[in-house]
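Commentary on secondary and tertiary structure
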Amino acid sequence: MIAPKLDTRQPIAVGSQVLPSPRVDVKDSETPTFILLPSELLIEILRHVDGRSILRCSSVCRVLNRVIESSAELQYYVELALDGMLDGPQSMVTVAERLEQLRALRRAWSLLEWKKEVRVPMHGFCHAYELVGGVFAKTSSLGGFLSQSSPRKFISSWLPSSSDPGHTLVRKDIGISTRDFAIDPSQDLIALVQTDDIFYTEVHIRTISSNIKHPEASSPVLRALTSSTMTSAFIQIVDDVIGMMYWMELESRITIWNWKTGQTLVFTANIDLQDCDGDDLPSDISDFSFISNRAYMITCGTNGGSIQIFTFGENEHDIIHVASLSLPPLKSRVRLGHCGIHTGPFVARCLPNTPFWTNQEERMYVLSVQYVQEDPDVPSARPRFFLFFKNSTPLRYIQKYREQRGTSTFEVPWEEWGPRESRMLHHQLPYQWLRYVHGHRVVFPLLSGSMQVLDFNVRKTKRHIFPLQPDSKASIEVVDQPSTIVSEGIFPGPVETRLPYRACRRDELKGFSGVMIDEQRLIGLKSPSFADGDIKDLYVFVF
């Protein structure tokens, strides 16, 4: 049915807004009837479209552009998508107020202008720590640094925000000795790793708030077999799964559970990469990280280094080896010594009283790469580099594998993905504290002792350009030209990468041994990051 002529319509009121009526010449037979609909109907239709699609619609014609520009709600959805964010739960905060808060947060991060600085006491020794969803937590021994007792004390601090002063919860004895832990405050969830037994490791599933069995967990304890004494472990939570990589004297393993059902989804041990069928790990594995709650990747040193991408739990719990992404080619007698991988933490849902939150698929990964020169005729060298890439890269190969119903692993040479989708920079100083990645932002330590914030969500729209004021304390540079790494003893030729980023620096970030980052804060630490070191205070910069 053709909509009536709209040339003589009066302005339309939607809520408190008065919207201009579309003016379209209906005599033009090529005019789409969709845009002849009343403005309020167009807005209602577009409310059910994702933000990026709304942005594309605004480029179709002037009519749609006027309608979209006139709606605070549609603008909010567009700007959420551009910032890699998602809308939060319904509350008393209106859409217009959320849009204003979103723009204020974007401006603050773009200019590195925090609203306030707060020192949060965190005195005492630190054995393990986490920063997730605005909560900093740590475990320590009851007797402190010189104590022979295992870590049983747990402290969690809800850090201050622009509207909340924060608070701290202290448990002097959680009832078990812990090696490591992971948290997700959005699920009131903590996973505590206990390694008292030589034959298996236990992961206790509890609530942060009350230290009791989590009500959604079918079993209070998850178990993983160990062939010998565990020397190290790293545990992560992503929605309904918990993954742990752990090292023993002769091997490393990865175990992934569905913590709600108690089912083991992945149990792998390291073997030779050529024999790897998905159920096993390559023998030269360096590190492990989740991509989503049904996909993960590992880094390997074989054949110059690679990123191996796997999915799991999608088809009768099979582990599928989706892709192998090669790192830059190396000269002969050069090997990859170590390749660590780090990303920001995952949360299952938006935290209470929060208008919006980071899209969990919008994240950066940081590879910390060290090469070893083994040619006796060449001066010994162990250069280090950082390689940054977006989550969209592994997700694209996972999607491609599904669409093509693949049966074999994609072998992706460096030239097909690295130069365009990554940025390699010289290693200046090591990261002493983890949790230096959140969303598209990465804290980067400099030789000067300062810290830069690198933002890889570079956009040149009018919404994302904020000129520096004369009294600004920040130094800002947009890097959209290629970086070239020349290391004659390591690479056969120059390594060029061109993923754009914005680098922001302020002198106030000097003097810290590490700076963590989350959605609303930078958190500075001045103590070194060794086990059972005294953290003292957290220096919280609130945006």
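Everything discussed here concerns the structure shown above.
Each chain has its residues counted from 1, following the order in which its sequence is written. Per-residue local features of the predicted model are confined to residues with pLDDT of at least 70, and side-chain atom pairs are confined, for both listing and counting, to 80 or more; whole-chain, interface and lining totals are unaffected and use all residues. The basis for every side-chain value is the complete set of non-hydrogen atoms in the structure, without hydrogens or water.

Paired rings are identified among Phe, Tyr and Trp, the last through its six-membered ring, by centres lying within 6.5 Å, and are further divided according to the angle between planes into stacked (under 30 degrees), edge-to-face (over 60) and tilted (the rest). What the rule picks out here adds up to 28 aromatic pairs. Look at Trp109 and Phe543: their rings are 3.8 Å apart centre to centre, the planes differ by 15°, and that puts the pair in the stacked class. Linking Trp109 in helix H5 (residues 95-111) with Phe543 in the segment after strand S37 (533-542), this pair joins segments that are 434 residues apart in sequence. Think of it in three bands: with a 1.4 Å probe and only protein chains considered, a residue is buried below 20% of the maximum accessible area for its type, exposed above 50%, and partly exposed in between. Residue classification places Trp109 among the buried residues on the basis of a relative accessible area of 3%. Residue Phe543 is classed as buried on the basis of its relative accessible area, which comes to 2%. A connected cluster of aromatic rings, assembled from ring pairs, spans Phe386, Phe388, Tyr431, Tyr436, Phe444, Phe456 and Tyr501. Comment: the charge-over-ring label is applied if NZ (Lys) or CZ (Arg) is within 6 Å of the ring centre and within 35 degrees of the ring normal. For the cation-ring pair, Arg396 lies above Tyr397, with the distance from its terminal atom to the ring centre recorded as 4.8 Å. Strands are runs of DSSP state E lasting at least 2 residues, helices are runs of H or I lasting at least 4, and numbering of each runs from the N terminus.

Below, the discussion takes up the nonpolar core. The biggest cluster of nonpolar side chains holds 54 residues, and the ones touching the most others in it are Leu112, Phe388, Val442 and Leu522. The greatest single-element share of this core, amounting to six residues, is contributed by helix H4 (residues 72-82). Here Phe388 is in contact with Met364, Tyr365, Val366, Glu421, Ser422, Arg423, Leu425, Val442, Phe444, Leu454, Phe456 and Leu499, once residues within four sequence places are set aside. Residues Val238, Val241, Trp414 and Trp417 belong to the second largest nonpolar core, which totals 50 residues. The set of buried Ala, Val, Leu, Ile, Met, Phe, Trp, Tyr and Cys residues whose side-chain atoms join them within 4.5 Å is what this entry labels a nonpolar core. Residue contacts are defined here by distance: any two heavy atoms, one from each residue, within 4.5 Å place the two residues in contact.

Next up on the list: the pairing of strand S9 (residues 180-184). Buried residues dominate S9, accounting for five of its five residues. For two strands to be treated as a pair, DSSP must find at least two bridges joining them. Between S9 and strand S10 (residues 189-194), which pair antiparallel in sequence order, lie four residues; one of them, Asp188, sits at a positive phi of approximately 50°.

Spatially, S18-S19-S20-S21-S26 is the arrangement adopted by the five strands of the open sheet, whose pairing is mixed. The open sheet has two free edges, formed respectively by strand S18 (285-292) and strand S26 (410-412), since each of these has just one partner strand. Looking at each pair of strands side by side, their axes are set apart by 20° on average, direction ignored. Note: strand S19 (residues 295-300) against strand S20 (residues 306-311), six bridges, orientation antiparallel. The residue of S20 that forms the bridge with Thr299 is Ile307. Convention adopted: a line fitted to C-alpha atoms gives each axis, helices being fitted over their contacting stretch, and angles between N-to-C directions are expressed from 0 to 180 degrees. Sheet strands in contact with helix H6 (residues 392-403) are S18, S19, S20, strand S21 (320-326) and S26, and its direction is about 135° off that of S21.

Trans is the prevailing form of peptide bonds, just as negative phi is the prevailing case for residues other than glycine. Phi at Arg333 is positive, roughly 65°, even though this residue is not glycine. Locating Arg333 in the fold gives a position in the loop between S21 and strand S22 (334-343). If you check the backbone angles, Asn353 has positive phi at about 60° while not being a glycine. With respect to the helices, strands and loops of the structure, Asn353 is situated in the loop between S22 and strand S23 (356-358).

Looking now at the packing of H4 against H5. Packing of H4 against H5 leaves a shortest axis separation of 9 Å and a crossing angle of 35°. Handedness of the crossing formed by H4 with H5: left-handed. Packed against H4, whose contacting residues are Ala72, Glu73, Gln75, Tyr76, Glu79 and Leu80, the element H5 presents Val95, Arg98, Leu99, Leu102, Arg103 and Arg106 at the interface. Each residue is assigned to one of three groups, with Ala, Val, Leu, Ile, Met, Phe, Trp, Tyr, Cys and Pro labelled nonpolar, Asp, Glu, Lys and Arg labelled charged, and all others, Gly among them, labelled polar. For the contact of H4 with H5, a count of residues per class yields six nonpolar, one polar and five charged. A crossing counts as left-handed when the near helix is turned anticlockwise from the far one by less than a right angle, and as right-handed when that turn is clockwise.

Moving on, we get to the environment of Ser487. Mapped onto the secondary structure, Ser487 falls in the loop between strand S32 (483-485) and strand S33 (495-497). C-alpha of Ser487 to C-alpha of Pro383: the two residues are 104 residues apart in sequence and 8.6 Å apart in space.

Moving on to the side chain of Asp184. Tracing the chain through its elements places Asp184 in strand S9. In this tally, Lys and Arg are treated as positive and Asp and Glu as negative; His is ignored, and so are the chain termini. Definition used for salt bridges: Asp or Glu carboxyl oxygen within 4 Å of a side-chain nitrogen of Lys or Arg. Buried charge without a partner: Asp184 forms no salt bridge, and the closest opposite charge is Arg349, 6.5 Å away. A 3.5 Å cut-off defines polar contacts: any pair of N or O atoms within that distance qualifies, except that in protein one atom must be a possible hydrogen donor and the other a possible acceptor, and neighbouring residues in sequence count only when both atoms are side-chain atoms. A polar contact is formed between the side chain of Asp184 and the side chain of Gln187, at a distance of 2.8 Å. Of the polar contacts made by the side chain of Asp184, one reaches the backbone nitrogen of Ala348; its length is 3.1 Å. In this view, Asp184 contacts Val132, Leu189, Ile208, Ile237, Phe346, Val347 and Ala348; residues no more than four positions away in its chain are not counted.

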